[in-house]
Amino acid sequence: MSVTEIDKMAATALIDEEELRYARAQKREKIGKWVLPIIMLTLVIFAWDRVVVMNNIPHYILPRPGLVLETLIKDWPILWQSLLVTLKITLMALAVAVVGGVGLAVIFTQSRFLEMSFYPFAVILQVTPIVAIAPLIFIYIDNKIVALLTVAWIVAFFPILSNTTLGLNSVDHNLRDLYKIYGASRWQRLRYLQLPAALPYFLGGLRIAGGLSLIGAVVAEYVAGTGGMGSGLAFRILEASYRLNIPRMFAALLLIAGTGVSIFAVTSLLTHLLLRKWHESALKREG
Amino acid sequence: MTLPSAIPPLGERQKLLEMSGVDKVFNGDVVALKGMNLTVNQGDFISLLGPSGCGKSTALRLIAGLSRPTSGSIRWEGGQARGDLGVVFQEPTLMPWATVSQNVWLPFRLRGKGYREVRDEVLWALKMVGLEKFQNAYPRELSGGMKMRVSIARAMVTEPRLILMDEPFAALDEITRMKLNDDLLALREKIKCTVIFVTHSVYESVFLSDRIVVMAARPGRVSTELTVPTPYPRNEVFRTTPEYGALCRDTSDALHGAMHEHNEASA
Ligand SMILES: Nc1ncnc2c1ncn2[C@@H]1O[C@H](COP(=O)(O)OP(=O)(O)O)[C@@H](O)[C@H]1O
Ligand SMILES: [Mg+2]
């Protein structure tokens, strides 16, 4: 027997029964994570279809899944335009929420007095239901787009503000002392210490804000109603409901849900890419 | 690098820093430090040895300028310049989002120096602590002992006149700690730095230092000072000598004396 052969035997002998079981369990979990949701989703759609057919439910009450898909394709030109409108408001609101939330958080950590003075306003904006404020906003702001954006922003900016503030303030005390000893300026401390330390917190806020800005955009469209120039997905749903075009309502709903899932996926991916090198949350647990 | 050729023996060293009559009182009633006098000379390896709560960290923070004495003064010979001070805390205190070399670059970076400008110094410091191969690693990829080495490299990269270390190895296992003690002394031989080292380990203080300042608690104060005459370089052989044993015993007695003092005072 050659030396390498013995080595190989030793290597195979090193994987015992328990390790094998563990490896198999890991593999099952990995596959299950993708396969199970797909199977479940298929089953639910199938059941939906069966229920409609067996009970003879008319399509203007509950359409079959196939009809929803058909409508989605048939109405695609209209729905696509609406999707773009909703997406535009959502992303713009998210962008303004990021700039406003991070900006306010930075200002708050630079001055305790500003924080004490203005944080309550942020909380009030956050806890008051947006549907209650939105009609006022549409009265005071003439430009429909700006009004939509404002509503969506109010919903989305708070998680970014509060998370980033928390992150900026949660810098390790010894690191803070170290910066002081080395004579760091305020700006250096912010740039090299506080902002990187706040990044994981900010990204957590961003993931929540992504979903909220979509909710904000949809709510804003509802409040704006069908009277104006609105033509987003929520507007399409309202319009379709007046015409009892239930399949189109479902198709628009599908697009909204899809948008939400995509935003979540993109922000999750961003989090992973930015933190994978150093943050505990991005670590794969060993053993 | 312009390093002095050798550290002169105790008693022939130039004065670096003087604490005189330093008191520190917190909240108006916690006397953390009372009447502390300490003269630090260039090349000294001073251990501050004492039970916890005797004001060791407070003394270091005062020297580091992180807080001000309630009364008394701390004077640097020839004034204190930027980069005169390096600090190592009990935790490695590295920035997790920055690589090893970026962490070591920090003291320079905060002085507005680009990485290119000081790359040689950073790599030199990493080489000194034996981590030049890990310059692009992130802290989480390193063991506890390696993180501590990075922290030491960061403290010495500016070739400071004084390095403060606050129980740097207390959280490490015995084997790693001894290795780091050996390496710290080897490092000191090379760069001839002045060190104030806080510890509550008698063995560590005897092995490392040439001056041991024994402190007592409530109120925090200097109880006595011992010198360790054994010349450097010291290595693991020193740990097995009868001389080392005797010195440890003396130091231990002094420490017990200091703790006893406190018992009498509070009784
Ligand atoms: N910032 C502070 N505020 C109030 N009390 C403090 C503060 N820092 C230290 N002390 C007190 O001063 C005493 C000495 O603390 P410290 O210097 O940390 O001791 P050591 O490092 O020797 O364990 C302790 O009684 C501690 O509770
Ligand atoms: Mg301490």
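### Regarding the overall build of chain B
Next, step 1: Helix and strand counts for chain B stand at seven helices and nine strands.
Next, step 2: By the compact-globule yardstick of 18 Å for 267 residues, chain B fits well, its C-alpha radius of gyration being 18 Å.
Next, step 3: Counting only C-alpha atoms and orienting by the principal axes, one finds that chain B spans roughly 60 × 45 × 40 Å.
Next, step 4: Counting the 267 residues in chain B, one finds 52% classified as buried.

### Here's the deal with the overall build of chain A
Next, step 1: Each helix and strand in chain A was counted, giving eleven helices and zero strands.
Next, step 2: Each helix and strand of chain A, ordered N terminal to C terminal, gives the series α-α-α-α-α-α-α-α-α-α-α.
Next, step 3: Rg of the C-alpha trace for chain A: 26 Å, well past the compact-globule value of 19 Å for 287 residues, more than 25% over.
Next, step 4: In terms of its C-alpha atoms, chain A occupies a principal-axis envelope of roughly 80 × 65 × 30 Å.
Next, step 5: Contacts in chain A between residues at least 24 apart in sequence constitute 70% of all its contacts with a sequence separation of at least 6.
Next, step 6: Side chains of chain A give 26 positive and 18 negative charges; the mean places of these two sets differ by 7 Å.

### Notes on the interface of chain A and chain B
Next, step 1: Counting residues at the interface gives 20 residues for chain A, matched by 24 residues for chain B.
Next, step 2: In total, chain A and chain B occlude about 2,200 Å² of area from one another, counting both sides; carbon and sulfur atoms represent 65% of this.
Next, step 3: The largest per-residue losses of area from chain A upon contact with chain B belong to Ile181, Tyr182 and Trp278 of chain A, which jointly make up 34% of the total buried on that side.
Next, step 4: In this assembly, chain A and chain B are joined by one salt bridge.
Next, step 5: Arg61 of chain B serves as the salt-bridge partner of Asp177 of chain A, at 2.8 Å between the closest nitrogen and oxygen.
Next, step 6: Along the contact surface separating chain A from chain B lie seven residue pairs in polar contact (both at pLDDT 80 or more).

### Looking at the state of the cysteines
Chemically, a disulfide is nothing more than a covalent bond linking the sulfur atoms of two cysteines.
Next, step 1: All chains considered together, the criterion is met by zero disulfides over all chains.
Next, step 2: Take Cys54 of chain B: it sits in no disulfide, and the sulfur closest to it among the cysteines is that of Cys248 of chain B, at 18 Å.

### A few points about the domain arrangement of chain A
Next, step 1: The domains assigned to chain A are domain 1 (1-56) and domain 2 (65-275).
Next, step 2: For domain 1 of chain A versus domain 2 of chain A, the separation of C-alpha centres amounts to 37 Å.

### Let's talk about the sheet that holds strand E2 (residues 30-41) of chain B
Residue and element names in this part refer to chain B.
Next, step 1: Read across the open sheet, the three strands follow the order E2-E1-E4; overall the sheet is antiparallel. Both edges of this open sheet fall to E2 and strand E4 (71-76), since each of them pairs with a single strand only. Averaged over all neighbouring strand pairs, the angle between strand axes comes to 15°, with direction disregarded.
Next, step 2: With eight bridges connecting them, strand E1 (residues 15-26) and E2 associate as antiparallel partners. Bridge pairing in E2 places Val25 opposite Val31.
Next, step 3: Here helix H1 (residues 56-63) sits on the sheet in contact with E1, E2 and E4, set at roughly 120° to E1.

### Some words on helix H3 (residues 115-128) of chain B
Because each turn of an α-helix spans 3.6 residues, side chains separated by three or four positions in sequence point in the same direction.
All names here are of chain B.
Next, step 1: For H3, which comprises 14 residues, the first-to-last C-alpha distance of 18 Å matches the rise-based estimate of 20 Å (1.5 Å per residue) to within 8%.
Next, step 2: A maximum bend of about 30° is found in H3 at Glu121.
Next, step 3: Those residues of H3 that sit buried are Val118, Val122, Leu123, Trp124, Ala125 and Leu126.
Next, step 4: Buried-residue contacts for H3 involve helix H2 (100-109), helix H4 (144-156) and helix H5 (174-191).
Next, step 5: A positive backbone phi angle near 75° is found at Gly130, which sits one or two residues after H3.

### Describing the pattern of salt bridges
Next, step 1: As enumerated under the stated definition, the model contains 21 salt bridges over all chains in all.
Next, step 2: Its salt-bridge partner being Glu239 of chain A, residue Arg236 of chain A comes within 3.0 Å of it at the nearest N-O pair. Here the residue Arg236 of chain A and the residue Glu239 of chain A both occupy positions in helix H10 (residues 233-242), the gap between them amounting to three residues, near one helical turn. Glu239 of chain A shares its class with Arg236 of chain A; the two are buried.
Next, step 3: In this structure, the salt-bridge partner of Arg239 of chain B is Asp182 of chain B, at a minimum N-O distance of 3.4 Å. Pair noted here: Arg239 of chain B is in the loop between strand E9 (221-227) and helix H7 (242-266) and Asp182 of chain B is in helix H5, with a separation of 57 residues, a long-range link.
Next, step 4: Residue classification places Arg239 of chain B among the buried positions, given a relative accessible area of 19%.
Next, step 5: Overlapping salt bridges bring together Arg13, Asp44, Arg188, Glu189, Asp210, Arg211 and Glu225 of chain B as one network.

### Structural notes on the side chain of Glu167 of chain B
Next, step 1: Looking at where Glu167 of chain B falls in the secondary structure, it is placed in the loop between strand E6 (162-166) and H5.
Next, step 2: We note that Glu167 of chain B is buried and unpaired, the nearest opposite charge coming from Lys56 of chain B at a distance of 4.2 Å.

### Focus: the domain arrangement of chain B
Residue and element names in this part refer to chain B.
Next, step 1: Each assigned domain of chain B is listed here: domain 1 (25-84 + 162-267) and domain 2 (94-159).
Next, step 2: Computed over C-alpha atoms, the centres of domain 1 and domain 2 are 25 Å apart.
Next, step 3: Contacts between domain 1 and domain 2 engage 14 residues on the former and 13 residues on the latter.
Next, step 4: Each partner contributes to the roughly 1,100 Å² buried at the junction of domain 1 and domain 2, and carbon and sulfur atoms together form 73% of this total.
Next, step 5: The interface formed by domain 1 and domain 2 contains one salt bridge.
Next, step 6: Where Asp183 meets Arg149, a salt bridge forms, and the shortest distance between an N and an O atom there is 2.8 Å.
Next, step 7: The tally of links from domain 1 across to domain 2 stands at two residue pairs in polar contact (both at pLDDT 80 or more).
Next, step 8: Elements with a minimum of two residues in the side of domain 1 that touches domain 2: E6 and H5.
Next, step 9: Looking at the side of domain 1 that touches domain 2, the element that brings in the most residues is H5, giving seven residues.
Next, step 10: Tallied by class, residues from the side of domain 1 that touches domain 2 come to eight nonpolar, two polar and four charged.

### Re helix H2 (residues 17-54) of chain A
Residues and elements named next belong to chain A.
Next, step 1: Of all bends in H2, the biggest is about 40°, found at Gly32.
Next, step 2: Turning to H2, its buried residues number three or more, namely Gly32, Asp49 and Val52.
Next, step 3: Between a side-chain oxygen at the N-terminus of H2 and the backbone nitrogen of Glu18 the separation is 3.2 Å; the capping residue is Asp16.

The rules behind each value
Residues numbered from 1 in each chain as written. Chains lettered and ligands numbered in written order. Predicted model: local features only at pLDDT ≥ 70, side-chain atom pairs only at ≥ 80, totals over all residues. Heavy atoms only, no water. Helix = DSSP H or I, 4+ residues; strand = E, 2+ residues; numbered from the N terminus. Rg over C-alpha atoms; globule rule 2.2 N^0.38 Å. Buried < 20%, exposed > 50% of the residue type's maximum accessible area, 1.4 Å probe, protein only. Contact = heavy atoms within 4.5 Å. Lys, Arg positive; Asp, Glu negative; His and termini not counted. Charge placed at Lys NZ, Arg CZ, Asp CG, Glu CD. Buried area = accessible area lost by both parts, 1.4 Å probe. Salt bridge = Lys/Arg side-chain N within 4 Å of Asp/Glu carboxyl O. Polar contact = N/O pair within 3.5 Å; in protein donor to acceptor, adjacent residues only side chain to side chain. Disulfide = S-S within 2.5 Å. Domains from an automatic or database assignment. Pairing = 2+ DSSP bridges. Axes fitted to C-alpha atoms, helices over the stretch in contact; angles between N-to-C directions. Expected span 1.5 Å × (residues − 1). Bend = angle between axes of the 7 residues up to and from the residue. Nonpolar A, V, L, I, M, F, W, Y, C, P; charged D, E, K, R; others polar.

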